[in-house]
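Summary of structural features
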Amino acid sequence: MRNLLVLGAAWGALLALPPAALMAGEPGAAPLAALLGAALAGALGTLAAARALSGGRGGFRALLGFGALQGLSGGGVAAVLVWGVMAVSIAGLSPAEPGGLSALMRPAVFVGSFFVALSAFVYALLAGLLLGPVLGLLVIRLLRKGEA
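As a starting point, this report considers the structure included with it. All figures in this text were calculated on a predicted structure; none of them were measured in a lab. Residue positions are given per chain, counting from 1 as you read along its sequence in written order. Residues qualify for local features only when their pLDDT is at least 70, as the model is predicted, and side-chain atom pairs are given and counted only at 80 or more; totals for whole chains, interfaces and linings, by contrast, use all residues. Side-chain calculation: all heavy atoms of the structure are included, whereas hydrogens and water are not.

Structural notes on the overall build of the chain
Check the secondary structure of the chain and you find four helices and zero strands. Where helices and strands are cited, they refer to DSSP runs of H or I of at least four residues and of E of at least two residues respectively, numbered from the N terminus. When the helices and strands of the chain are read in sequence order from the N terminus, they spell out α-α-α-α. A separation of at least 24 residues holds for 73% of the contacts in the chain among residues at least 6 apart in sequence. Per-residue accessibility takes into account occlusion by the displayed protein chains alone, with areas from the Shrake-Rupley method and a 1.4 Å probe. Summing over all exposed atoms, the chain offers an accessible surface of approximately 8600 Å²; the carbon and sulfur share of this is 74%. Only heavy atoms matter for contacts: two residues are in contact if any of them lie within 4.5 Å across the pair.

This is how it looks when you write it as structure tokens:
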């Protein structure tokens, strides 16, 4: 299980490198937060998909299913994390000023952060569908060796 967590975290961080590199010009900890969130989403998505893959089905169809499930679950976690971080960022909340929580419910903040989260979800889902079979092969090897 530890190896699956490490593999999933590395997968999520690898997928987040291109968007984080684009954000690297912005000040703050946004790129680091993106990488950490992606690592968490990748680890959870890989665990969920590996559980389904360990059922014994084989072949390319099972690997596509693994990629889809990994993309759905990892993308869902990433979307929730991104939605929360973006809503707080757009609203301008800070630890020094926690009283402005009502700013999170403004339509501009809510909708703006939703579309950013939706794009993160679609990115993770497409990466899972297109690249998930490669990761699935590594997971199958770990499951067969009993190292998962």
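There's plenty left to go through after this.
With respect to the nonpolar core
We define a nonpolar core as any set of buried Ala, Val, Leu, Ile, Met, Phe, Trp, Tyr and Cys residues linked to one another through side-chain atoms lying within 4.5 Å. Remark: exposure states derive from per-residue accessible area (1.4 Å probe, protein chains only) relative to the maximum for the residue type, with buried under 20%, exposed over 50%, and partly exposed in between. In this structure, Leu4, Leu7, Trp11, Leu15, Ala49, Ala50, Phe66, Ala127, Leu135, Val139 and Leu142 together form the largest nonpolar core, which totals 11 residues. Counting only elements with at least two residues in this core, the list comes to α1 (2–23), α2 (30–53) and α4 (107–145). Residues within four places of alanine 49 in sequence aside, it is in contact with Phe66, Leu69 and Gln70.

Here we look at the packing of helix α3 (residues 60–91) against α4
Working convention: axes come from line fits to C-alpha atoms, limited for helices to the stretch in contact. Angles between N-to-C directions cover 0 to 180 degrees. Between α3 and α4, whose axes approach to 5 Å, the crossing angle comes to 150°. Judged by the inter-axis angle, α3 sits roughly antiparallel to α4. Along this stretch, α3 crosses α4, giving a crossing that reads as right-handed. As a working rule, the residues Ala, Val, Leu, Ile, Met, Phe, Trp, Tyr, Cys and Pro are called nonpolar, Asp, Glu, Lys and Arg charged, and the rest polar, with Gly in that last group. Per-class residue counts for the contact of α3 with α4 are 28 nonpolar, 10 polar and no charged. Reported orientations rely on four angle classes, namely roughly parallel under 35 degrees, roughly antiparallel over 145, roughly perpendicular from 65 to 115, and oblique for the rest. Each crossing gets its hand from how the near helix is turned against the far one by less than a right angle, where anticlockwise is left-handed and clockwise is right-handed.

Observations regarding a nonpolar patch on the surface
Residues enter a patch when their relative accessible area is above 30% and they make no salt bridge; the linking distance is 9 Å between like charges and 5 Å between nonpolar side chains (Val, Leu, Ile, Met, Phe, Trp, Tyr). Only one rule defines a salt bridge in this text: a Lys or Arg side-chain nitrogen within 4 Å of an Asp or Glu carboxyl oxygen. On the surface, Met105, Phe110, Val111, Phe114, Phe115, Leu118, Val122, Leu126, Leu129, Leu130 and Leu131 cluster together into a nonpolar patch covering about 1000 Å² of accessible area. Within the secondary structure, valine 111 sits in helix α4. By relative accessible area, which is 41% here, valine 111 ends up partly exposed.

All we've got here are geometric facts, nothing functional implied.
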